[in-house]
Amino acid sequence: SVMLNLSWTIKSVKAVPPVLLLLLLVAFPPSSGAQLPGHGQAKDVPIATNGQPFPWDRMRLPKTISPFHYDLTIHPNLTTLHFTGVVRIQLDVHEDTSIIILHAKQMQISNVLLLAPEGVRPLQVLEYPRFHQLALLSDSVLTKGRRYEVQLRFAANLSDSFHGFYKSSYRTSSGEVRVMASTQFEATFARGAFPCFDEPAFKAKFTIRIIREPRHITISNMPKVKTVELPSGLLEDHFDTTVKMSTYLVAYIVSDFLSVSKTTRHGVQISVYAVAEKINQTAFALDAAVELLDFYEDYFDIPYPLPKQDLAAIPDFQSGAMENWGLTTYRETGLLFDPDKSSASDKLGITKVIAHELAHQWFGNLVTMEWWNDLWLNEGFAKFMEFISLDITYPELQVDDVFLGKCFEAMEVDSLSSSHPVSTPVENPTQIQEMFDDVSYDKGACILNMLRDFLTPEAFEIGIIRYLKRYSYQNTVNSHLWESLTNVKFCSKRDLQSGASKWYSGDELDVRAIMDTWTLQEGFPLVTVEVRGREVRLSQERYLKTDDYSLTEGFLWQIPLTYMTSASNTIHRFLLKTKTDVLYLPEEVDWVKFNVDMSGYYMVHYAGDGWNSIIKLLQHNHTALSSNDRASLIHNVFQLVSTEKVRLDTALELSLYLSRETEIMAVTQGFGELVPLYKLMEKRDMAALENQMKDYIVDLFRGLIDRQEWTDSGSVSERMLRSYLLLFGCVRNYAPCVTKHTNISLYIFIVDTELKAFSVFTRTPEGWDFLFEKYRHSMQMSVKSRMKTAMAVSPLQDKLQWCQSLHGEVMKTQDLPDVIVSVSKNPRGYKLAWDFFRANWHTLIKKFDLGSSTVSYMVTGVTNQYSTREMLDEVRGFFSSLTEESGSEMRCIRQSYETIEDNIRWMDTNLPLLQAWLDKRSHRAMHEDL
């Protein structure tokens, strides 16, 4: 699935050596689940709801029985918001037993029968809600090697959250509210829709029937084979049987959607479904899905196994999208595109989401992780394939310009001691939900990118095709991937040309040994480079934002180093396996740059005079390095200030070169390091320094801002950069930017063309009200999304307060997290956001689910710009008052404490230095003017 982030508004126990596993578990006691306290085993004898002992005491289901086919009939009532159903599950018995343990959550179960060769018999049912389990007890033994069938009737309410089988609604332009029902089962919510073996390794086939009123349509994973009219006048749609798959990929929707369709080159029917009034915004997604599904069939050399692929835009949707096999579901903003109203970043965002979900049809659906501890095998791959596929199918989107940002985002959480290994033990639903984070997605993608660069793209592609073919319709663990990528017999031009011999000598290349260091330990390395004549001294340590350096002990990575020097354009390669090592250059050089294009997931510190030689290079000839290299230097130097490896003035001196920078990745990284400094000050009483800092940034980018036209022409990257620069100029009151947009007659013109100007008019009550009216009536999803952000950056406090209370009627509840986080970044609104967040905590975690990336996004988004001990105490006071059931053990809470502590340390150490540097610079500038 795709996690949502504001930036584009804005998934068996492992084969780990036992000793290492023990260390991992000691280092990371699993945060016990808020929904389900306790770990994998019940502490006492579990007691069923009727008072009898429950015959199973673990959270994970036993392996004595597995399902191979479900016959599922569902009858939702969209008036009473209730559904009933019956499921018949065919079972294989692997050991003699008289107990069947499976999942069901918050439903009434009745009429449970065993359909055995000897005849039909009722089964006794015990329920254990704490682990969402049912036990079906047979009075005779189910014999190993035989097949049986059980039947259960069930009834439940449609969920009013965003998961399970849930209610969604939308308003037509005439104001009528229409109700529909849709599913979201990943990770552990299929059990809330029908009784099932709800773990990814219990793969089975599903034959689904749905009963509906004639005014609705239904869609599911497979094509509809027939519709039967029932005596009641209702209709029953019958769907074809699915391929063998996990429960979390089952999907069905009851709605009044319309659709548009096309067929791919390989003969797969693609349809996009949306509400009637937005069906005219589906053409772009339809073409993109056709293009991308064809690309993946060719790239993976494995035919897409289903006859159709539907993409549905759901009015209420929590994450970004979901990869249900044959029926992918999306937020409306993630799928709907209006060529006249949507921006370049919308186009990039929508294409990336579709590329992600369609990549999952192979990575995740065809080959699925054994258990959620290896979620990254799904999500890291799908995130990575977004970039591989779009680079080839949509080169004009310049997707490479945003990949690096994903690695920087991952490093942000991975530089805290509360981070976790890419592959980490999880047991309960809250811990499973918490795996859907930047580490599984973005770090997963970045280490795959590093491995691809290391093995060569050709060898990597051969290896992943081997992996997908070998494990089709099965479940895998980490080591299966490494084995598939080992000993790919193939010689590339690179071996012959470059200094790659260090990587490819004999059979030294042990992919698993290398990659275990990146997936089984958390964090990432900082490589320190010191050049002395021809000698290059290397050392590695864990990069960690902490003042407790004992926490960095005991980490060692196998790092595929790359470097280039002033003496040649060749990329040199070296595998650093030890804590320290030495390289020898053929001649002395002016500068050396390690981690070329930042294709490796590590940071570099240039000791001795190293940073000064890089600053000189950037000031005199910055294009000698690629824009990715420049962005990585900006990122690394400012991050090293946090750990006091580099003085702040060194980082600021490096930033001066940005006045000549024009490439999006380096410019946005410059903003990304400088803007947070004044955002910290906005939440403290230090207006003078805050304004000095803001003036420095405007001054640095003035030339670039002045060169921007108020049009929407150029490449995607140029258009995104323009929109970013103009928004920054407007928010900062940069005169040439604002004067163009005070004329009210321009309002309508701007609304339809240059959307970034919205923020200008939310400064006055009239402008805010005007925008709000536009928001209320707009059917253009991407326009609404930007209006919503603009309303939240307004300086008008009464409007911000109102903004947060709007959800439900005018604003969808799904949009509330974005609004809360936007208001919390607003200097006039951060107190309002924090108060609202605390007051509504219990409602928010019920609606968005404990451990979800949405809750984590709110926790970190609301707190990560505090930098005083008073606010740290206030944040600790609130979160420590929670119980385990209400989220006290969530990882994001530890992350928020660490981030505030880091901010406090940064401010204590660097404020005087920043003040002195800015004073010195303005003094210098005055002299230059004289």
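Structure first, text after, so check above.
Below: a short report on this structure. Bear in mind the structure is a predicted one, so any value in this text is a computation, not a measurement.

### Notes on the overall build of the chain
Looking only at helices and strands, the chain has 30 helices and 29 strands in total. A compact globule built from 930 residues would reach a C-alpha radius of gyration of about 30 Å, and the chain, at 28 Å, matches this within 12%. Classification of the 930 residues of the chain by burial places 62% in the buried group. Looking at the chain as shown, the accessible area adds up to about 34,400 Å², and 52% of this sits on carbon and sulfur atoms. If the 93 positive side-chain charges of the chain are averaged to one point and the 114 negative ones to another, these points end up 2 Å apart.

### Here's the deal with the sheet that holds strand β20 (residues 327-331)
Ordered by their spatial adjacency, five strands build an open sheet running β16-β17-β18-β20-β19, and the pairing between neighbours is mixed. The open sheet terminates on both sides in strands that have one partner only, identified here as β16 (258-263) and β19 (321-322). Where strand β18 (residues 308-314) lies against β20, five bridges are found, and the strand directions are parallel. Across the sheet, the residue bridging to Leu-311 is Thr-328, located in β20. Running at roughly 150° to β20, helix α3 (residues 344-360) makes contact with β18, β19 and β20 of the sheet.

### Some remarks on the side chain of Arg-60
The topology assignment puts Arg-60 in the loop between α1 (18-27) and β1 (65-77). A polar contact is formed between the side chain of Arg-60 and the side chain of Glu-199, at a distance of 3.4 Å.

### Considerations on the sheet that holds β1
Reading across from one edge, β5-β4-β8-β2-β1-β11-β14-β13 is the order of the eight strands in this open sheet, with mixed pairing throughout. Sheet topology places β5 (119-122) and β13 (224-229) at the edges, where each strand pairs with a single neighbour. Averaged over all neighbouring strand pairs, the angle between strand axes comes to 20°, with direction disregarded. One ladder, built from eleven bridges, connects strand β2 (residues 82-93) with strand β8 (residues 147-157); its direction is antiparallel. Considered in β8, the bridge of Phe-83 is made with Ala-156.

### Considerations on the pairing of strand β25 (residues 559-565)
With seven of its seven residues buried, β25 lies for the most part within the structure. Bridge count for β25 against strand β26 (residues 568-576) is six bridges, and the pairing is antiparallel. When the bridges of β26 are listed, Tyr-563 appears paired with His-572. Two successive antiparallel strands, β25 and β26, enclose a turn made up of two residues. The pairing of β25 with strand β28 (residues 592-594) spans three bridges and is antiparallel. Paired with Met-564 across the bridge in β28 is Lys-593.

### Notes on the packing of aromatic side chains
With the rule as written, the count across this model stands at 52 aromatic pairs. On the numbers, 6.2 Å between centres and 45° between planes, the contact of Trp-372 with Phe-436 is tilted. With Trp-372 in the loop between β21 (367-369) and α4 (376-393) and Phe-436 in the loop between α6 (429-434) and α7 (438-455), this pair connects stretches of sequence that are 64 residues apart. On the basis of relative accessible area, Trp-372 is assigned to the buried category, the value being 1%. Put simply, the rings of Phe-295, Tyr-296, Tyr-299, Phe-300, Tyr-304, Trp-362, Phe-363, Phe-381, Phe-384, Phe-460, Tyr-467 and Tyr-471 touch in pairs and so form one group of aromatic residues. Arg-147 extends its terminal NZ or CZ atom over the ring of Phe-68, reaching a point 3.7 Å from the ring centre.

What counts and how
- Residues numbered from 1 in each chain as written.
- Predicted model: local features only at pLDDT ≥ 70, side-chain atom pairs only at ≥ 80, totals over all residues.
- Heavy atoms only, no water.
- Helix = DSSP H or I, 4+ residues; strand = E, 2+ residues; numbered from the N terminus.
- Rg over C-alpha atoms; globule rule 2.2 N^0.38 Å.
- Buried < 20%, exposed > 50% of the residue type's maximum accessible area, 1.4 Å probe, protein only.
- Areas by Shrake-Rupley, 256 points an atom, 1.4 Å probe, with all protein chains shown as cover.
- Lys, Arg positive; Asp, Glu negative; His and termini not counted.
- Charge placed at Lys NZ, Arg CZ, Asp CG, Glu CD.
- Pairing = 2+ DSSP bridges.
- Contact = heavy atoms within 4.5 Å.
- Axes fitted to C-alpha atoms, helices over the stretch in contact; angles between N-to-C directions.
- Polar contact = N/O pair within 3.5 Å; in protein donor to acceptor, adjacent residues only side chain to side chain.
- Phe/Tyr/Trp six-rings, centres within 6.5 Å; stacked < 30°, edge-to-face > 60°.
- Lys NZ or Arg CZ within 6 Å of the ring centre and 35° of its normal.

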